[in-house]
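Each chain is listed here by its residues.
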Amino acid sequence: MEEQDVIASLAALAQPARLRAFRALVVAGPTGLTPGRMAEQFDVAAPTLSFHLKELTHAGLVDVERDGRHLIYRARYARMNELLGYLTAHCCEGAGCLVDDSACPC
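First, a word on what this report is: a plain description of the structure on this page. (Residues numbered from 1 in each chain as written. Predicted model: local features only at pLDDT ≥ 70, side-chain atom pairs only at ≥ 80, totals over all residues. Heavy atoms only, no water.)

Describing the pairing of strand 2 (residues 70–75)
- Bridge count for strand 1 (residues 62–67) against strand 2 is 6 bridges, and the pairing is antiparallel. Pairing of Asp67 across the sheet is with His70, part of strand 2.
- Where strand 1 folds back on strand 2, the antiparallel hairpin that results is connected by 2 residues, among which Gly68 adopts a positive phi of roughly 65°. (Pairing = 2+ DSSP bridges. Helix = DSSP H or I, 4+ residues; strand = E, 2+ residues; numbered from the N terminus.)

Spelled out as C-alpha cells, the structure:
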C-alpha cells in the first residue's frame, strides 16, 4: 500500500459519521448494507450519508454494487487489512509484538 493511499484512507475514517458507517459495514460482513438501512441506523439524512459513503468509496475502503433498485455497500476487507498491515509493519523493530499491548515494549 502506498503512502498516499494510507493518507486517503485515514482521512476518510477521520470523521465520526464515516467511521461509524465503515464500522457498520465491517460488522455487516459480505452481505453489506443499503444506504436506507444505514440512514435508519444512524439517524442521518440520506444526502449526508450518501456524501460520506462516496468519500469512503473514493478512499477505496468501500465497494458499492447495484442490486435491482438498491445499492449495496460493502467494506473492502482486503483494503482494511492492507491499511492495518501498513500501520503495523516493522512494529517493535521487527521483533513482533505480543498480543497484550501492555507487554509490548514499543
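Observations regarding empty space enclosed by the protein
- Under the counting rule described, the total for this entry stands at 1 cavity of 30 Å³ or more.
- For the largest cavity, the calculated volume is near 30 Å³.
- If you trace the largest cavity, you find it lined by Ala17, Arg20, Phe42, Val44, Leu49 and His52.
- The class makeup of the residues in the lining of the largest cavity is 4 nonpolar, 1 polar and 1 charged. (1 Å grid on protein atoms, 1.4 Å probe; cavity = no way out; pocket = protein on both sides within 12 Å on 5 of 7 lines; lining within 4 Å. Points joined across faces, edges and corners; volume = space filled by probe spheres on them. Nonpolar A, V, L, I, M, F, W, Y, C, P; charged D, E, K, R; others polar.)

Here's the deal with the nonpolar core
- Core analysis: the biggest nonpolar cluster contains 20 residues, and Phe22, Leu25, Met38, Leu53, Leu56, Leu61 and Val62 have the highest contact counts within it.
- Those elements that place two or more of their residues in this core are helix 1 (3–13), helix 2 (16–28), helix 3 (35–42), helix 4 (46–58), strand 2 and helix 5 (77–88).
- Looking at this core element by element, the count peaks at 4 residues for helix 2.
- Residues in contact with Leu53, not counting those within four places in the same chain, are Ala21, Leu25, Pro35, Met38 and Tyr73. (Core = buried A, V, L, I, M, F, W, Y, C linked by side-chain atoms within 4.5 Å. Buried < 20%, exposed > 50% of the residue type's maximum accessible area, 1.4 Å probe, protein only. Contact = heavy atoms within 4.5 Å.)

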